[in-house]
Amino acid sequence: MPELPPTVAVLTALPLEYKAVQAHLTAVRKREHPRGTRAAVGRLPGTPWSVALVEMGEGNLTAAALTERVMTWLEPQAVLFVGVAGGLKSDIDLGDVVVATKVYGIHGGKETLEGFLVRPEAWRASHRLTAAAREALRDDPHAHLKPIAAGDVVLAAPESALAEHLRRHYNDAAAIEMEGSGVVSAVDLAGGDALVIRGISDRADADKSLADGEGWQPRAAENAAAAAVAVLRELRPFRGRRVGGSDREVEDSEEGPHRGATGAMGATGTTYGGDHLDFRGSTFNGPFVAKQVGRRDGER
């Protein structure tokens, strides 16, 4: 049976974000989870990746639940969350892309008589994915690797209590959105790799509706999708291979015993014919000497 290509999941919240990513895929087919979640699975030309694209809807709780479902259902090697966000920094323009080096969950804390005491939550982006993003986007002046903030709220007032909360406690955040912490927390609990990529569609101020009316949302979504594609063109799959046609990836690297090798009698397993000596996993406290025995003249 031919090997299946490795899978990366690309998650979006909005239809326009979904369409921006889908435009880069070919040979798209539909898959449906028993509980109704839909995925469009296609190939990304010029890469080894099969991309499973899922539109989840808005909010961190929904994002966390559906991300966990995608992880167990599709078993992706990596998860990208791609879409739009509000900008928090004046030196980042509309249409620019922010790749999240860190995602803040901004609503944790304790209300006291002395005021609100912040109890920060933060998730760092996968080093593997961040390194690929740095390589892919290094020469793009409109791409920024910065922290972002995530909360279940739309910020449209720069002088609001929330804006002051961000300035005081999360002042390195370059953007704010509504699903990133749900995605990265679910992937982190599953032991996976995640990266959030957001195009800036407004400045999280009173002009948000104006920016939306000027078409910045689809432009920002397209730029985020293009950045995600650039990252995937740079990213290489984990070392390993598929076994028995299943979707589960198993490691077959130089650091562990080979699986499925053909032995001298044609059997499949970890038995080797010829002069193969496999010392991986072994410990030697002294010199090792190998001696060939039992071979007849002319035997190979």
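Coordinates for the structure precede this section.
Residues numbered from 1 in each chain as written. Predicted model: local features only at pLDDT ≥ 70, side-chain atom pairs only at ≥ 80, totals over all residues. Heavy atoms only, no water.

Regarding the packing of helix H3 (residues 127-137) against helix H7 (residues 216-234)
Logical step 1: Between H3 and H7, whose axes approach to 8 Å, the crossing angle comes to 105°. Relative to H7, H3 is oriented roughly perpendicular. In this structure, H3 uses Leu129, Ala132, Ala133, Glu135, Ala136 and Leu137 to contact H7, whose residues at the interface are Ala227, Ala230, Val231 and Glu234.
Logical step 2: Split into classes, the residues belonging to the contact of H3 with H7 amount to eight nonpolar, no polar and two charged. (Axes fitted to C-alpha atoms, helices over the stretch in contact; angles between N-to-C directions. Helix = DSSP H or I, 4+ residues; strand = E, 2+ residues; numbered from the N terminus. Parallel < 35°, antiparallel > 145°, perpendicular 65-115°, else oblique. Contact = heavy atoms within 4.5 Å. Nonpolar A, V, L, I, M, F, W, Y, C, P; charged D, E, K, R; others polar.)

Examining helix H4 (residues 161-169)
Logical step 1: For H4, the set of buried residues is Leu162, Ala163, His165 and Leu166. Along the axis of H4, the buried positions cluster into a sector of 155°, meaning they face one direction only. The exposed residues of H4 that point more than 90 degrees off its buried face are Ala161 and Arg168.
Logical step 2: Structurally, H4 contributes buried residues whose contacts are with strand S8 (115-118), strand S10 (143-150) and strand S11 (175-177). (Buried < 20%, exposed > 50% of the residue type's maximum accessible area, 1.4 Å probe, protein only. Arc of directions from axis to C-beta.)

Thoughts on helix H1 (residues 15-22)
Logical step 1: Those residues of H1 that sit buried are Glu17, Tyr18, Ala20 and Val21. Taken around the axis of H1, the buried residues stretch over an arc of 160°, which confines them to a single face.

Thoughts on the pattern of salt bridges
Logical step 1: Taken as a whole, this structure holds seven salt bridges when the rule is applied.
Logical step 2: Taking the shortest distance from any N to any O, the salt bridge between glutamate 32 and arginine 38 comes out at 3.5 Å.
Logical step 3: Judged by relative accessible area, glutamate 32 falls into the partly exposed class, the value being 48%.
Logical step 4: A salt bridge links glutamate 177 to arginine 198, with the shortest nitrogen-to-oxygen separation between them at 3.3 Å. Within this pair, whereas glutamate 177 is found in strand S11, its partner arginine 198 is found in strand S12 (residues 194-202), the two being separated by 21 residues in sequence. Neither glutamate 177 nor arginine 198 differs from the other in exposure class; each is buried.
Logical step 5: Several salt bridges share partner residues, and in doing so they unite Glu164, Arg167 and Arg168 into one network. (Salt bridge = Lys/Arg side-chain N within 4 Å of Asp/Glu carboxyl O.)

Remarks on the side chain of glutamate 179
Logical step 1: For glutamate 179, the position within the fold is in the loop between S11 and helix H5 (180-189).
Logical step 2: Polar contacts involving the side chain of glutamate 179 include one to the side chain of arginine 198, which spans 3.4 Å.
Logical step 3: The contact partners of glutamate 179, leaving out residues within four places of it in the chain, are Ala13, Gly57, Glu58, Gly59, Asn60, Ala63, Phe81 and Arg198. (Polar contact = N/O pair within 3.5 Å; in protein donor to acceptor, adjacent residues only side chain to side chain.)

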